[in-house]
Every structure is written in C-alpha cells, then in structure tokens.
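So you can see what is in the structure, the chains are spelled out below.
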Amino acid sequence: AEPVPPAPLVLMLLVVAHLGRFTYEVGLDSLVARRKDDPLDGVPFVLGIITILKQLHSTHRDSFVAHLTQYVRVQLTELPADRKKADAAVPAEVVTALRFLEMFCKLAPFPPAVVQQQLPPL
C-alpha cells in the first residue's frame, strides 16, 4: 500500500489543537491538564502520537517533527514588534509545543539535535 502523505500533518494539527489544554508542571517535569476536570495527561498523549507514528514509515515521523517545529517558528515570528525584545516572554502555546517536543524526543527516542536545528535560538 502507498504511504498516506497527510498523516504527519493531521497528527501535527491534532497536537496543536490540544496544546492549549495542557500546561507545564515544573514539579512533575511534565505536561498536565490545564483544568483539573480535564481527563488529559501529557505522557500518554505523547506516547499515543509516538505509537501512531511508529506504525508509519520513519519519514512520517520526521515530517511530523518538521511540521511542529514550523508551527513554533511561525508563532515566534508573529510576535508583535514590541514583544521581540530580549526580555519578552515566549507565548504559552510555544512553550507547551516546545515541552511536547522535548517529551517526544525523550520517549520516542528521537535525537533532540534534529529538533534544535529546526528551531530558532530562544
């Protein structure tokens, strides 16, 4: 069977759609649900994405990471001019996406250097 090209894009859109429901918990070093009554947990979510990607060719995983890092780059370039100062805070969506990528690299395993090459310096 022929590979399904839109699979990485669909998974990236799924991740982006759910990133707003997560927040980073420093004490747990993990993504947790923003609302206490939301039945989400970051580790099973990341592992679910990894499991789906493992069913596909490895180029789909690479494409997924490329799509998600492109999302981060666009979010950073869309900052208002007054927020581009060195002391400006990075938007929460970007921080959550970066934490997702960090967890993805740890759990997949996927080389973090590949992700870092595709991201601008923060």
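About the criteria used
Residues numbered from 1 in each chain as written. Predicted model: local features only at pLDDT ≥ 70, side-chain atom pairs only at ≥ 80, totals over all residues. Heavy atoms only, no water. Helix = DSSP H or I, 4+ residues; strand = E, 2+ residues; numbered from the N terminus. Buried < 20%, exposed > 50% of the residue type's maximum accessible area, 1.4 Å probe, protein only. Contact = heavy atoms within 4.5 Å. Expected span 1.5 Å × (residues − 1). Core = buried A, V, L, I, M, F, W, Y, C linked by side-chain atoms within 4.5 Å. Pairing = 2+ DSSP bridges.

Caption draft 1: Spotlight on the environment of V15. As for its placement among the helices and strands, V15 is situated in helix α1 (residues 7-19). Residue classification places V15 among the buried residues on the basis of a relative accessible area of 0%. Linking V15 and I49, residues 34 residues apart in sequence, is a C-alpha distance of 8.3 Å. Dropping the residues within four chain positions of it, V15 is found in contact with F45, I49, F64, L68 and F100.

Caption draft 2: Up close: helix α3 (residues 58-77). Over its 20 residues, α3 extends 29 Å from the first C-alpha to the last, a length consistent with the 28 Å expected when each residue adds 1.5 Å. Every buried residue of α3 is accounted for by H60, F64, V65, L68, T69, Y71, V72 and L76.

Caption draft 3: Examining the nonpolar core more closely. Of all hydrophobic cores here, the largest spans 30 residues; its most connected members are V15, F64, L68, V72, F100 and F104. For this core, the secondary structure elements donating two or more residues are α1, α2 (42-54), α3 and α4 (92-107).

Caption draft 4: Representation of the pairing of strand β2 (residues 30-33) within the structure. Looking at chain direction, strand β1 (residues 22-25) and β2 are connected through 4 bridges and run antiparallel. Bridged to Y24 within β2 is L31. Between β1 and β2, which pair antiparallel in sequence order, lie 4 residues; one of them, D29, sits at a positive phi of approximately 55 degrees.

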